[in-house]
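For reference, the chains in residue letters:
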Amino acid sequence: MTGANRPAWATIPVDEARYRPLYARLLGLRFVNPGGVLCFLFFEGAIALAVLLALAELVSWWAVLVLPVLVAAMVKLNDMVAAIVVRSAALVPEQERDRFRRQMEPVVGRARVEWVSHSVPGVVITADPVPPPRRANPSD
């Protein structure tokens, strides 16, 4: 994709796109921005895992070709889902976002708890401090 065709909501600037790992550029990732180590694990790690599974005779040797392709497809699918989420979040008006933030803020210490006398049978609940127990007289 060229810089002119990129939508305004893309998260990777055009200047930095050429410095991204080859794996991310080949998949055309716009929202998921894996670093070099993660791209290495996605591609070479998938090949190494497939080779180990094939050597253990748990899968056929076709897995060496198929597993990296499946991992790349899942990474691309994750990028597409992230794009849908960003677009839908951009459509929500600011007023709705503020209302949602207010509703999601935790309210700590504001809940009233009323004691019901039958909730704890045989226990008297009082707000008065309990006097310390009297000791027996040592002279007795």
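(A) Inspection of unusual backbone geometry at higher detail. If you check the backbone angles, E57 has positive phi at about 60° while not being a glycine. Positionally, E57 belongs in the loop between helix 3 (36-55) and helix 4 (63-91). Here E57 falls in the exposed class, since its relative accessible area comes to 71%.

(B) Quick peek at the confidence of the model for the protein. Overall, the prediction assigns the protein a mean pLDDT of 78, with 66% of residues at 70 or greater. Throughout residues 1-6 the model reports pLDDT below 50, and contacts reaching past four residues in sequence, or to other chains, amount to eight contacts.

(C) Inspection of the environment of A63 at higher detail. With respect to the secondary-structure elements, A63 resides in helix 4. In this view, A63 contacts A50 and P68; residues no more than four positions away in its chain are not counted.

(D) Representation of helix 4. Here helix 4 is 29 residues long and its end C-alpha atoms lie 42 Å apart, about the 42 Å a rise of 1.5 Å per residue gives. Restricting attention to buried positions, one finds in helix 4 the residues A63, V64, P68, A72, V75, D79 and A83. Buried positions along helix 4 lie against helix 2 (22-27) and helix 3.

(E) How the structure looks around helix 3. Its 20 residues place the ends of helix 3 27 Å apart at the C-alpha level, agreeing with the 28 Å of an ideal helix rising 1.5 Å per residue. G45 marks where helix 3 bends most, by close to 30°. All of the buried residues in helix 3 are C39, A46, A50 and A54. Contacts made by the buried residues of helix 3 are with helix 2 and helix 4. Downstream of helix 3 by one or two residues, E57 has phi in the positive range, about 60°.

(F) Structural detail: the packing of aromatic side chains. In this structure the tally under the stated criterion is two aromatic pairs. Both rings, one in Y23 and one in F43, keep their centres 6.3 Å apart while their planes meet at 50°; by these two values the pair is tilted. Taken together, the positions of Y23 in helix 2 and F43 in helix 3 put the pair 20 residues apart, joining distant regions of the chain. Overall, F43 belongs to the partly exposed group, its relative accessible area being 38%.

(G) View of the nonpolar core. Counting residues in hydrophobic clusters, the biggest one holds seven residues: Y23, A24, L27, L29, C39, A72 and V75. Elements with a minimum of two residues in this core: helix 2 and helix 4. For this core, the leading source of residues is helix 2, giving three residues. In this structure A72 touches Y23 and L27, once residues within four positions along its chain are discounted.

Conventions and cut-offs
- Residues numbered from 1 in each chain as written.
- Predicted model: local features only at pLDDT ≥ 70, side-chain atom pairs only at ≥ 80, totals over all residues.
- Heavy atoms only, no water.
- Helix = DSSP H or I, 4+ residues; strand = E, 2+ residues; numbered from the N terminus.
- Buried < 20%, exposed > 50% of the residue type's maximum accessible area, 1.4 Å probe, protein only.
- pLDDT = per-residue confidence, 0-100.
- Contact = heavy atoms within 4.5 Å.
- Expected span 1.5 Å × (residues − 1).
- Bend = angle between axes of the 7 residues up to and from the residue.
- Phe/Tyr/Trp six-rings, centres within 6.5 Å; stacked < 30°, edge-to-face > 60°.
- Core = buried A, V, L, I, M, F, W, Y, C linked by side-chain atoms within 4.5 Å.

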